[in-house]
Amino acid sequence: MSQTFIIDGKTVPFEEGQTIIQAATKAGVFIPHLCYHPDFKPHGSCKLCTVKVNGRQTASCTMRAMAGMVVESDTEEINAERRALTQMLFVEGNHFCPSCEQSGNCQLQATAYHLGMMSPHYDHFFPNRPVDASHPEVLLDFNRCILCSLCVRASRDVDGKNVFALSGRGITTHLIVNAKSGQLADTNFTLDDKAAHVCPVGVILRKRKGFAVPIGERTYDKQPISGTVDAVTEGH
Amino acid sequence: MNAPTKKLKVATTSLAGCFGCHMSFLDIDERLFTLLDYIEFDRSPLTDIKHCSPDCDIGIIEGGLCNAENVHVLREFRKNCKVLIAIGACAINGGLPAQRNHLPLTTILEEVYHTSPGLANGMIPNDPELPLPLDKVHPIHEVVKIDYFIPGCPPSGDAIWKVLTDLLAGREPELGHGLMHYD
Ligand code: SF4
Ligand code: SF4
Ligand code: FES
């Protein structure tokens, strides 16, 4: 018999070594997340997946499930903190959704909808982040990078290329391209790379494919992100 | 909802916006007649009244702040309206006009009036009647307190209707899936 823990009053089974978010996802319980992706080692940086375990806050994408633990996730208190984190991500970058190719397919935007984010609340940074259009097939629009490191992990761990890296510390952390020139065109990055397809927001974009699906008919236009928990493909 | 004895005064304006949100407001179509049982318009492009009465109940602001006059109008609204609603992407995060924010203002004015191709004897307008542009475009919540927000570019007529009817009924406005959009 497998062991269980409780999340928001629901009993969830888990296997040894599974994290809280893995077990919850498999049981069809949605926990908001941005830097977690089932195919990669957790990074634990965005903190959107924060839950309370036995009364203490922790990231559910890094915390292993343990028998009998009591987890709170979908509460007003935790969702308010998740909303504040999401608002900070919006004001730190330049997120102009109406002109973003990712709008409607974007996990940051869909998470903000899920959390009922009616405004960014904080003052905007309006940072200056030039785009990298050097590559023939792919555009990099750093204005929308949320530093989730999924492209870093995909390029390093799956593609074996190490095209991307996070550089700097704290508020100056930013995404760089590992080439002497700093330009994507001077790497061996291609559209077939896993890293070309993992960005949860609108940074790594395929050229000449813009707006193939009209706004209003995209993934999260059709269903909220909480409805996309797929126990078969996401639960491990 | 029963028709109230005293109608709420609603003022609206478009600052650095495109009037798309006002057009979307009109998209509530015949529901406007229902709405007019509960509200009357004060200062608004719809009435052409130039200044807010001091006892406005709701101010609806489209567009962000790109020049000094925008700030002036916004402050007039805050002073005279009990509740302020930011409507649309530009009011909420600066929107399209704010996409100039990473460029120095002088560079933009130079390019628009002096150096872009096809300009002859261009000159940066300096008529004292013209409001001075701000260094950066700002969302309105960065300057005055905003009570409610209706996101969207523009928000749909249904989203606007939902927020207004929630407010008129004394409920906290809420946009569920399908009405909540930033695009
Ligand atoms: S990346 Fe997402 S949140 Fe940012 S502008 Fe694009 S759609 Fe909006
Ligand atoms: S480019 Fe995308 S995948 Fe890479 S760190 Fe930024 S947000 Fe994450
Ligand atoms: S999803 Fe767990 S910290 Fe980002």
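Here, residues in each chain are numbered from 1, in the same order as that chain's written sequence. All chains are assigned letters beginning with A, and all ligands numbers beginning with 1, in the order in which they are written. Only residues with pLDDT of at least 70 are given local features in this predicted model, and only at 80 or more are side-chain atom pairs given and counted; all residues enter the totals for whole chains, interfaces and linings. Just so you know, side-chain values use all the structure's heavy atoms and leave hydrogens and water out.

Considerations on the site of ligand 2
We apply this condition: We call a residue near a molecule or strand when any one of its heavy atoms sits within 4 Å of it. Polarity classes work like this: nonpolar for Ala, Val, Leu, Ile, Met, Phe, Trp, Tyr, Cys and Pro, charged for Asp, Glu, Lys and Arg, and polar for all others, with Gly in that last group.
Taken together, C145, I146, L147, C148, S149, C151, L175, C199, P200, V201 and V203 of chain A make up the full set of residues near ligand 2. Of the residues that constitute the shell around ligand 2, the class distribution is 10 nonpolar, 1 polar and no charged.

Notes on the environment of L96 of chain B
For the record, the criterion: Secondary structure is summarised from DSSP: a helix means a run of H or I of at least four residues, a strand means a run of E of at least two, and numbering begins at the N terminus for each.
Among the structural elements, L96 of chain B can be located in the loop between helix 4 (89–93) and helix 5 (105–115). Considered as a pair, L96 of chain B and V137 of chain B are 41 residues apart in the sequence and their alpha carbons are 9.6 Å apart.

Observations regarding the confidence of the model for chain A
Low pLDDT means the predicted coordinates in that region are not meant to be read closely. The following threshold applies: Summary of the metric used: pLDDT quantifies the predictor's per-residue confidence within the range 0 to 100. Two residues qualify as a contact provided that any one of their heavy atoms is within 4.5 Å of a heavy atom in the partner residue.
Of all residues in chain A, 97% attain a pLDDT of 70 or more, and the chain-wide mean is 95. Low pLDDT, under 50, characterises residues 231–236 of chain A; the predicted model gives this stretch 15 contacts beyond four residues in sequence or across chains.

A word on the sheet that holds strand 1 (residues 3–7) of chain A
Residues and elements named next belong to chain A. Applicable threshold: Pairs of strands are assigned from DSSP output, requiring at least two bridges between the strands. In this analysis an axis means a line fitted to C-alpha atoms, helices contributing only their contacting stretch, and an angle means the value between N-to-C directions, from 0 to 180 degrees.
Taken in spatial order, the 5 strands line up as 2-1-5-3-4 in an open sheet, and their pairing is mixed. Only two strands of the sheet have a single neighbouring strand rather than two, namely strand 2 (10–14) and strand 4 (56–59). Between one strand axis and the next, the sheet turns by 40° as a mean value, whatever way the strands run. Direction of pairing for strand 3 (residues 50–53) relative to strand 5 (residues 70–72): antiparallel, over a ladder of 2 bridges. By the bridge assignment for strand 5, V53 is matched with V71.

So, the interface of chain B and chain A
Put simply, the rule is: We define buried area as the total accessible area lost by two parts upon association, computed with a 1.4 Å probe and summed across both. Every case where a carboxyl oxygen of Asp or Glu lies within 4 Å of a side-chain nitrogen of Lys or Arg is listed as a salt bridge. Polar contacts, as counted here, are pairs of nitrogen or oxygen atoms within 3.5 Å of one another; within protein the pair requires one atom able to donate a hydrogen and one able to accept it, and residues that are adjacent in sequence qualify only if both atoms are side-chain atoms.
At the interface, 21 residues of chain B touch 29 residues of chain A. Roughly 2,100 Å² of surface becomes buried between chain B and chain A when both sides are summed, with 63% attributable to carbon and sulfur atoms. For the interface between chain B and chain A, the tally reads 0 salt bridges. Here chain B is connected to chain A by 9 residue pairs in polar contact (both at pLDDT 80 or more). The leading source of residues in the side of chain B that touches chain A is helix 4 of chain B, at 3 residues.

Digging into the site of ligand 1
Every residue near ligand 1 is listed here: F90, H95, F96, C97, C100, S103, C106, L108, Q109, R144, V201 and G202 of chain A. Across the shell around ligand 1, the residue classes tally to 7 nonpolar, 4 polar and 1 charged.

Here's the deal with the domain arrangement of chain A
All names here are of chain A. We apply this condition: Domain start and end points were adopted from an automatic or database domain assignment.
As far as domains go, chain A holds domain 1 (3–74) and domain 2 (99–222). The straight-line distance from the C-alpha centre of domain 1 to that of domain 2 is 26 Å. Across the contact, 13 residues belong to domain 1 and 17 residues belong to domain 2. Summing both sides of the interface, domain 1 and domain 2 together bury roughly 1,100 Å²; the carbon and sulfur share of this comes to 67%.

Considering the pattern of salt bridges
Rules: For every residue, the accessible area (1.4 Å probe, protein chains only) is compared with the maximum for its type, and the residue is labelled buried under 20%, exposed over 50%, or partly exposed between those bounds.
As enumerated under the stated definition, the model contains 16 salt bridges over all chains in all. A salt bridge links E76 of chain A to R83 of chain A; the shortest N-O distance between them is 3.6 Å. With relative accessibility at 59%, the residue E76 of chain A sits in the exposed group. The shortest N-O distance in the salt bridge between R31 of chain B and D158 of chain B comes to 2.9 Å.

Overview of the confidence of the model for chain B
Averaged over all residues, the pLDDT of chain B is 95; the fraction at 70 or higher stands at 98%. Interface confidence for the predicted complex, expressed as ipTM, amounts to 0.94; the pTM equals 0.95.

Points about the sheet that holds strand 3 (residues 56–62) of chain B
Residues and elements named next belong to chain B. One open sheet accounts for 5 strands, arranged 2-1-3-5-7; its pairing is parallel. Only two strands of the sheet have a single neighbouring strand rather than two, namely strand 2 (39–41) and strand 7 (148–150). Taken over all neighbouring pairs, the strand axes of this sheet differ in orientation by 25° on average, direction set aside. Strand direction decides the pairing type here: strand 1 (residues 8–14) and strand 3, joined by 5 bridges, are parallel. When the sheet's bridge partners are listed, A11 is paired in strand 3 with G59. Lying on the sheet, helix 3 (residues 68–80) is in contact with strand 1, strand 3 and strand 5 (81–87); it crosses strand 5 at an angle near 135°.

Brief notes about the packing of aromatic side chains
So the rule is basically this: Working definition: rings of Phe, Tyr and Trp (its six-membered ring) pair if their centres are within 6.5 Å, and the pair is stacked with planes under 30 degrees apart, edge-to-face with planes over 60 apart, and tilted otherwise.
Evaluation of the coordinates by the stated rule reveals 5 aromatic pairs over all chains. Centroid distance F5 of chain A to F14 of chain A: 5.8 Å. Interplanar angle 55°. Geometry classified as tilted. Neither F5 of chain A nor F14 of chain A differs from the other in exposure class; each is buried. With 5.6 Å between their ring centres and 80° between their planes, F164 of chain A and F189 of chain A make a pair best called edge-to-face. Highlighted residues: F164 of chain A in strand 7 (residues 164–167) and F189 of chain A in the loop between strand 8 (174–177) and strand 9 (204–206), separated in sequence by 25 residues. Exposure remark for F164 of chain A: the relative accessible area of 1% places this residue in the buried category. Given the relative accessible area of 3%, F189 of chain A is considered buried. Here the aromatic residues F90 and Y113 of chain A together with Y182 of chain B are joined through ring pairs into a cluster of three or more.

A look at unusual backbone geometry
Peptide bonds are mostly trans, and most non-glycine residues show a negative phi. The omega angle of the peptide bond from C153 of chain B to P154 of chain B is -10°, so this bond is cis rather than trans. Examined against the element boundaries, P154 of chain B turns out to sit in the loop between strand 7 and helix 6 (157–168). Positive phi, normally seen in glycine, also occurs at S149 of chain A, with a value near 70°. For S149 of chain A, the location among the structural elements is in the loop between strand 6 (138–140) and helix 4 (150–158). Residue S149 of chain A is classed as buried on the basis of its relative accessible area, which comes to 5%. Unlike most non-glycine residues, F19 of chain B shows phi in positive territory, near 75°. Tracing the backbone through its elements, the reader meets F19 of chain B in the loop between strand 1 and helix 1 (20–26).

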